[in-house]
Amino acid sequence: MVSTFYAVKLPSSSAAENDRLASNFAFEPMSISMPGGFKQQTVRDVNQAYKHIEAWISSVGAAVAMNDIDGDTLPNDLCVTDPRIDQVAVTPAPVPGRQSETYEPFVLDPAPLPVSKTMAPMGCVPGDYNEDGATDLLVYYWGRTPVIFQAKKADAKKPAELGADTFEPIELIEGNAGSIYTGPLWNSNAAAVADFDGDGHNDIFIGNYFPDSPVLDPAEDGGVTMNDSLSHAQNGGGGHFFRWTEQGYKKAEGVLPKDIDNGWTLGASANDLDGDQRPEMYLAHDFGTSALLYNKSRPGKIEFAEVKARHTATVPKSKEMGRSSFKGMGVDFGDLDNDGLYDAFVSNITTSFGIQESNFAFIDSARDKADLRAKLRDGEAPFKDKSAPLNLAWSGWGWDVKMGDFDNNGDQEITQATGFVKGKTNRWPQLQELATSNDALVKDPLWWPNMREGDDLAGDQFLRFFVKNEDDAYSNLSQQLGLAVPIPTRGIATGDADGDGRLDMAVARQWGEPVFYCNTSKKAGDYLGLKLTDAAGSPVIGAQATVTLSDGSTRLGRVDGGGGHSGKRSADVHVGLGAQADGPVQVHLTWRDRNGKVRNQDLQLSPGWHSLQLGTNAKEK
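Let me begin by describing the structure that accompanies this report. (Residues numbered from 1 in each chain as written. Predicted model: local features only at pLDDT ≥ 70, side-chain atom pairs only at ≥ 80, totals over all residues. Heavy atoms only, no water.)

Thoughts on the overall build of the protein chain
Of regular secondary structure, the protein chain possesses seven helices and 39 strands. For a compact globule of 621 residues, the expected C-alpha radius of gyration is about 25 Å, and the protein chain comes in at 23 Å, within 12% of that figure. Residues classed as buried in the protein chain amount to 63% of the 621 residues present. For the protein chain, the share of sequence-separated contacts (at least 6 apart) that also reach a separation of at least 24 residues comes to 64%. About 23500 Å² of surface is accessible on the protein chain, with carbon and sulfur atoms providing 49% of the total. (Helix = DSSP H or I, 4+ residues; strand = E, 2+ residues; numbered from the N terminus. Rg over C-alpha atoms; globule rule 2.2 N^0.38 Å. Buried < 20%, exposed > 50% of the residue type's maximum accessible area, 1.4 Å probe, protein only. Contact = heavy atoms within 4.5 Å. Areas by Shrake-Rupley, 256 points an atom, 1.4 Å probe, with all protein chains shown as cover.)

Written as structure tokens, this is what we have:
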């Protein structure tokens with residue numbers, strides 16, 4: 001028995017090793033200024049059929065995005081979705097010694113578009129949706145279809161101060177009229193923006209959780225549902241794709257494969273995995289049916305095929321990509337083992353003596369991108385979950401996850417939001433009973449145990465910060481770095497808000513104040529930062545950068561259009577180079593121009609920030 005224990009014992013670091021690792025990092029927590037004058041709430045009004053689980057229904061909606069919204073070339077602006085006031089606020093990041101002129105925080109009001117009292121915002125995705133070079137804001141809701149807050153063109157001679165009147169709300173879906181919203185009752189919880197069909201223009205994915213229904217209408221009693229399975233639910237809101245056209249965004253029909261087109265979507269991430277400049281997509285679905293989708297699109301036609309890991313007798317189906325029955329909550333892509341191929345980290349529910357599933361650290365096992373592409377075409381996802389040996393399997397009730405090199409040492413750190421509902425009455429015993437229930441019962445809200453305001457499920461869990469240790473596994477340094485605040489977190493946004501080469505992060509907390517963590521590390525190594533834009537000044541979403549270091553190893557970076565659960569990173573590329581670079585590094589860029597043509601270019605770039613305009617070639621600005 002002793003021998004078996006040591007054979008299966010998970011890797012762990014000593015306290016001294018963790019202290020040594022933590023010495024490379026330092027974060028200063030800073031308050032985020034929010035607009036005042038709004039009534040505070042601690043739980044949402046919900047459909048009467050959900051009243052006994054009002055805390056469960058009210059457990060999402062905290063979100064944050066970090067980007068350059070005011071046009072000062074720095075991602076020092078935040079778009080914060082705050083469930084305490086059910087508003088989306090734009091506010092300056094509290095960067096110490098901020099040089100650019102700041103503005104007063106303001107909310108995004110969808111009026112004069114139709115609104116209702118039974119809608120609530122769930123997230124915000126910055127992007128240039130009309131391709132004019134200014135940053136617009138896509139907001140998605142429960143109880144309504146999404147709205148694009150389009151930036152108005154400022155007078156070059158007299159630029160407008162950033163405020164609510166600098167944005168014009170535009171419907172993503174045409175047809176809504178009047179002052180009271182009567183359109184489809186979407187309940188959206190995820191979004192991703194990328195050029196899915198390869199025509200040179202960015203498309204939009206919106207992932208819904210509940211099916212279209214009056215979830216937040218307290219005047220209704222019924223007409224709603226819960227998941228029809230705890231492991232393979234297929235009665236959720238599913239996903240919707242919108243393809244860019246010159247006449248506006250048009251809904252694309254029949255994109256998702258059967259059996260996953262009605263999942264309970266909580267997260268989504270798009271990224272080109274095989275090097276063909278068509279982004280693959282991972283859908284994180286609660287209650288099973290999470291999937292990796294291989295992109296088979298062509299200009300004008302968005303098409304995906306589901307790919308799955310090859311089934312073997314030695315790996316449980318629950319740990320195989322495409323067959324998992326776990327609660328997919330969030331996802332991000334990054335090269336965890338520095339082999340030049342993207343890996344994926346997926347958040348699940350992983351609470352000891354609660355619901356003990358497992359996070360996923362899906363490591364790409366293909367030889368190279370050509371091998372990966374061949375396997376994906378054959379329907380195989382060559383990813384193996386190594387979360388247990390990497391010490392990433394168990395963390396808590398997981399949500400958003402973001403990878404990034406916060407100390408610029410060349411390795412990816414992993415930040416993960418955890419925690420569910422904070423209160424005083426422990427409801428784990430009742431939830432465990434539900435977890436063992438027959439699937440025939442769980443669809444009806446009546447059979448769900450009480451989860452009201454004041455009840456608690458994983459309420460004392462905190463932000464996780466995983467760092468690679470000397471065993472090439474990971475150590476959680478939240479306690480050492482002062483990040484272990486026992487308040488449930490939801491969304492994580494990352495970006496270099498002050499341009500000093502060190503990644504900062506903003507964290508959205510569910511029913512708590514959002515917080516900005518300024519990176520103040522004194523031991524950060526060199527870095528390469530890339531601002532990749534087109535002729536209009538819009539970020540070239542999907543552009544890929546492969547950086548070759550002096551030792552011949554590579555590091556990957558991409559322009560992310562916004563993915564995950566409810567946190568959206570900035571549109572810049574940030575790559576840590578290690579202790580001190582020996583001079584310029586080799587950079588291979590791949591992107592699609594506005595005509596949809598794939599472009600490649602090799603550059604020699606010195607450490608630091610670079611602004612490049614990508615068209616037929618890459619030119620430094």
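Back to the write-up after that little detour.
Quick notes on empty space enclosed by the protein
Tallied over the full model, the rule gives five cavities of 30 Å³ or more. Empty space within the largest cavity amounts to approximately 390 Å³. Together, 28 residues line the largest cavity, and Met403, Gly404, Gln412, Leu556 and His574 are the ones closest to its centre. Those elements that provide at least two residues to the lining of the largest cavity are β18 (330–334), β22 (398–404), β28 (489–495), β33 (554–558) and β35 (573–578). Grouping the constituent residues of the lining of the largest cavity by class yields nine nonpolar, 11 polar and eight charged. In this model, the second largest cavity occupies a volume close to 270 Å³. Asp195, Asn202, Val540, Ile541 and Gly542 are the residues nearest the centre of the second largest cavity, which is lined by 27 residues in total. (1 Å grid on protein atoms, 1.4 Å probe; cavity = no way out; pocket = protein on both sides within 12 Å on 5 of 7 lines; lining within 4 Å. Points joined across faces, edges and corners; volume = space filled by probe spheres on them. Nonpolar A, V, L, I, M, F, W, Y, C, P; charged D, E, K, R; others polar.)

Looking at the nonpolar core
Among the nonpolar cores identified, the biggest contains 69 residues, and Trp56, Ile57, Ile204 and Trp397 are the most heavily contacted of them. If near-sequence neighbours (up to four positions away) are discounted, isoleucine 57 is found in contact with Arg44, Val46, Tyr50, Trp142, Phe210, Val215 and Leu216. (Core = buried A, V, L, I, M, F, W, Y, C linked by side-chain atoms within 4.5 Å.)

Structural notes on unusual backbone geometry
Here alanine 111 and proline 112 are connected by a cis peptide whose omega angle stands at 15 degrees. When you line up the elements, proline 112 lands in the loop between β5 (106–107) and β6 (120–127). The backbone phi angle of tryptophan 511 is positive, close to 65 degrees, even though this residue is not glycine. Mapped onto the elements of the fold, tryptophan 511 is located in the loop between β29 (504–509) and β30 (515–519).

Details of helix α2 (residues 15–22)
Those residues of α2 lying buried are Glu17, Asn18, Leu21 and Ala22. Burial along α2 is one-sided: seen end-on, the buried residues are contained in an arc of 135 degrees. Turned more than 90 degrees away from the buried face of α2 sit Ala15 and Ala16, all of them exposed. Considering only its buried residues, α2 is in contact with β26 (464–468), β27 (474–476) and α7 (478–481). (Arc of directions from axis to C-beta.)

What to know about the packing of aromatic side chains
Two aromatic rings, taken as a pair, are described by how far apart their centres are and by the angle between their planes. Per the counting criterion, the structure on display carries 27 aromatic pairs. Seen from their ring centres, phenylalanine 196 and phenylalanine 241 are 5.4 Å apart, and the 80 degrees between their planes marks the pair as edge-to-face. On the criterion of sequence distance, the pair formed by phenylalanine 196 in the loop between β10 (188–194) and β11 (203–208) and phenylalanine 241 in strand β12 (residues 238–243) is long-range, its members being 45 residues apart. By relative accessible area, phenylalanine 196 is classed as buried at 0%. A centroid spacing of 4.1 Å and a plane angle of 10 degrees characterise the contact between tryptophan 397 and phenylalanine 420, whose relative ring orientation is stacked. Of this pair, tryptophan 397 sits in the loop between β21 (383–385) and β22 while phenylalanine 420 sits in the loop between β23 (413–418) and β24 (425–426), and the two are 23 residues apart along the sequence. (Phe/Tyr/Trp six-rings, centres within 6.5 Å; stacked < 30°, edge-to-face > 60°.)

With respect to the state of the cysteines
Enumeration according to the criterion identifies one disulfide in this entry. At a sulfur-sulfur separation of 2.2 Å, the disulfide partner of cysteine 79 is cysteine 124. Judged by the sign of its S-S torsion, about 100 degrees, the cystine formed by cysteine 79 and cysteine 124 is right-handed. Here the residue cysteine 79 occupies a position in strand β3 (residues 77–82), and cysteine 124 occupies one in strand β6, the gap between them amounting to 45 residues. (Disulfide = S-S within 2.5 Å.)

Everything listed here is a matter of coordinates, which is why it stays silent on function.
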